[in-house]
Amino acid sequence: MAAGRPELLLGLPPIIDAGVRTLVLGSFPSPASLAAAHYYAHRQNQFWRLLEVLLDEPLSALDYAGKQRCLLQHRIGLWDVYRECRRRGALDAAIESAVANDFASLRDAAPQLRCICFNGQTAGRFADWFRQQGYATHILPSTSPAYTLAFADKLAAWRAAIAASATAA
C-alpha cells in the first residue's frame, strides 16, 4: 500500500431473499457500519428512523437481526452499489477505486424484485443500468447526516417511492 493511501475496504453482504420486491441500494457502508457489520449503524443516520415510520414497525426497539427480518417481511432488501473501495472517513465524495457489486445474480436471488430505491445521488449513478434491466428506479434523498434536508422532506420522498414500489408490476 502506498504511503498515505487509504486501505481497501470491503462492504457488507446483501440483505435479500426470494420474496424481496424492493431493493434499497446505498453507496458504501460508513466506518461505523463496517465496524458494527450493520447497515446504517451510525447513530445519526436517519435510515432506520425513516423506515420505522414508513413501515409502522418499532425498528428502534429491535436488534440488527430483528431489523433484517422486519425488512424482509416487508419484502424490502438492502445492499450497496460498491463491493469494495478505498476511502478516508465516511463521505461518498472520498470514495476511490470503487468496484461495483455483481448485480447479475439479483434475478436469481430475488426473482420478484421490481423496484430499486437509491439512498442518495452516489448510489443513484447506477439508476440507468437498473432501468435498462427492466426495474423501476427512484433516486432518493440520502439518509446520511451529511445531507441536511429536513427529515420531513426526506420522509415524504421516501414514502412516495416505497408506495410506488409496492405497486410496481
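Preceding block: the structure.
Throughout this description, residue numbers start from 1 for each chain and increase along the sequence as written. In keeping with the model being predicted, local features are shown solely for residues with a pLDDT of at least 70 and side-chain atom pairs are shown and tallied solely at 80 or more, while totals for entire chains, interfaces and linings include all residues. Where side-chain values are given, they derive from all heavy atoms of the structure, hydrogens and water being excluded.

(A) Highlighting helix H2 (residues 47-55). For every residue, the accessible area (1.4 Å probe, protein chains only) is compared with the maximum for its type, and the residue is labelled buried under 20%, exposed over 50%, or partly exposed between those bounds. Here a helix means four or more residues in a row that DSSP labels H or I, a strand means two or more in a row labelled E, and each is numbered from the N terminus. Listing the buried residues of H2 in full gives Phe-47, Trp-48, Leu-50, Leu-51, Leu-54 and Leu-55. Down the axis of H2, the smallest arc covering the buried residues is 155 degrees, so these residues share one side. Between two residues, a contact is recorded if the distance between any of their heavy atoms is within 4.5 Å. Of the surrounding secondary structure, the elements contacted by the buried residues of H2 are strand S2 (22-26), helix H3 (64-73), strand S3 (76-80), strand S6 (115-119) and helix H7 (151-167). Note on H2: the residue one or two positions beyond its end, Asp-56, has a positive phi of about 55 degrees. In this description, one arc is meant: the one made by directions from the helix axis to the C-beta atoms.

(B) The arrangement of the pattern of salt bridges in detail. We count a salt bridge whenever a side-chain nitrogen from Lys or Arg sits within 4 Å of a carboxyl oxygen from Asp or Glu. In total, this model carries 2 salt bridges according to the counting rule given. Among the salt bridges present, the one from Arg-131 reaches Asp-128, with a minimum N-O distance of 2.3 Å. Here Arg-131 pairs with Asp-128, and both are found in helix H6 (residues 127-132), just 3 residues apart, close to one helical turn.

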